[in-house]
Amino acid sequence: MKKVEPSGVVLRGVCSIQTNRCTAKTEGPITAVWGPPGQTQINVCRICLEEKIRLGEWEVEGARLLPHA
Amino acid sequence: MMLAAGRNQTGLTEQQIEYCVEAWTVLCADRQIALDISEARQNFSRTRFSEDQNKVFLGVDAFPGEGVDANSRMSTLACLAHELAHAERFQLGYRRPTDLPDVLLDEAETSLRAVFTSLLKKEKP
């Protein structure tokens, strides 16, 4: 499991994860997280970030995936 | 709703509004929750979720101001995450109380929901 850290930054770009439900397969608003090795920038949309967390591949300290309607 | 004291009270620029729209897009992901920017240029406007209209109004207090307390310094992304949490709770069936102390409890529960948002950068002590 990789520990990633949210940058809190909003930028325009393409999600580098692109799961089936990705919302940034073409350029649009995304965020970035820092992950290994070192502090590598990973551009990601919220859907893909949370999918990575749900699958147990990424860990974000303090984050919880809460149910929504 | 944000506690305004110490947060920005000046009408937002187009650049600031554009940033908020993009931040909202990232936060909402695949959820359709409207962000109304019609009041964002007006001084002293308040960021808030409207249950009646089921949308969030962007106000000038979405941006931090000169206050040094935690509420005043909270980032724009965190502010919007808080309002999104109100909208999510509304969609889950929670209805906001209007009387004290229940309204404070609702704000606290909403803040707790928002703080778990995966996108938010956690401040290190």
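Cut-offs used in this document
- Residues numbered from 1 in each chain as written.
- Chains lettered and ligands numbered in written order.
- Predicted model: local features only at pLDDT ≥ 70, side-chain atom pairs only at ≥ 80, totals over all residues.
- Heavy atoms only, no water.
- Salt bridge = Lys/Arg side-chain N within 4 Å of Asp/Glu carboxyl O.
- Helix = DSSP H or I, 4+ residues; strand = E, 2+ residues; numbered from the N terminus.
- Buried < 20%, exposed > 50% of the residue type's maximum accessible area, 1.4 Å probe, protein only.
- Contact = heavy atoms within 4.5 Å.
- Buried area = accessible area lost by both parts, 1.4 Å probe.
- Polar contact = N/O pair within 3.5 Å; in protein donor to acceptor, adjacent residues only side chain to side chain.
- Nonpolar A, V, L, I, M, F, W, Y, C, P; charged D, E, K, R; others polar.
- Expected span 1.5 Å × (residues − 1).

Draft legend 1. Inspection of the pattern of salt bridges at higher detail. Counting across every chain of the model gives 17 salt bridges over all chains. Put simply, R12 of chain A and E27 of chain A hold a salt bridge, and the shortest N to O gap is 3.8 Å. With R12 of chain A in strand β2 (residues 5-13) and E27 of chain A in the loop between β2 and β3 (28-35), this residue pair connects regions lying 15 residues apart in the sequence. Under the relative-accessibility criterion, E27 of chain A is labelled exposed at 56%. In this structure, the salt-bridge partner of E14 of chain B is R41 of chain B, at a minimum N-O distance of 2.7 Å. Taken as a pair, E14 of chain B in helix α1 (residues 14-28) and R41 of chain B in the loop between β1 (35-36) and β2 (48-50) lie far apart in primary sequence, 27 residues in all. Looking at E14 of chain B, the relative accessible area reads 48%, which means it is partly exposed. By sharing partners, the salt bridges in this structure join R89, R96, D106, E107 and E109 of chain B into a single network.

Draft legend 2. Representation of the interface of chain B and chain A in the model. Facing the 23 residues of chain B at the interface are 25 residues of chain A. Taken over both partners, the interface formed by chain B and chain A buries close to 2,200 Å², and the fraction arising from carbon and sulfur atoms is 60%. Seen at the junction of chain B and chain A, the total is three salt bridges. For the salt bridge of D30 of chain B with R21 of chain A, the shortest nitrogen-to-oxygen distance reads 2.9 Å. Connecting chain B to chain A are five residue pairs in polar contact (both at pLDDT 80 or more). Sort the elements by how many residues they give to the side of chain B that touches chain A and α1 of chain B lands first, with six residues. Counted by class, the side of chain B that touches chain A contains 12 nonpolar, four polar and seven charged residues.

Draft legend 3. Quick peek at α1 of chain B. The end-to-end C-alpha separation of α1 of chain B is 21 Å, in line with the 21 Å expected for 15 residues at 1.5 Å each. All buried positions along α1 of chain B are accounted for by I17, C20, E22, A23, W24, V26, L27 and C28 of chain B. Its buried side turned inward, α1 of chain B meets β2, β3 and α1 (46-54) of chain A together with β1, β3 (55-57) and α3 (76-91) of chain B. In the stretch just after α1 of chain B, A29 of chain B is the one whose phi turns positive, near 55°.

Take it as geometry only, folks, not as evidence of what the structure does.
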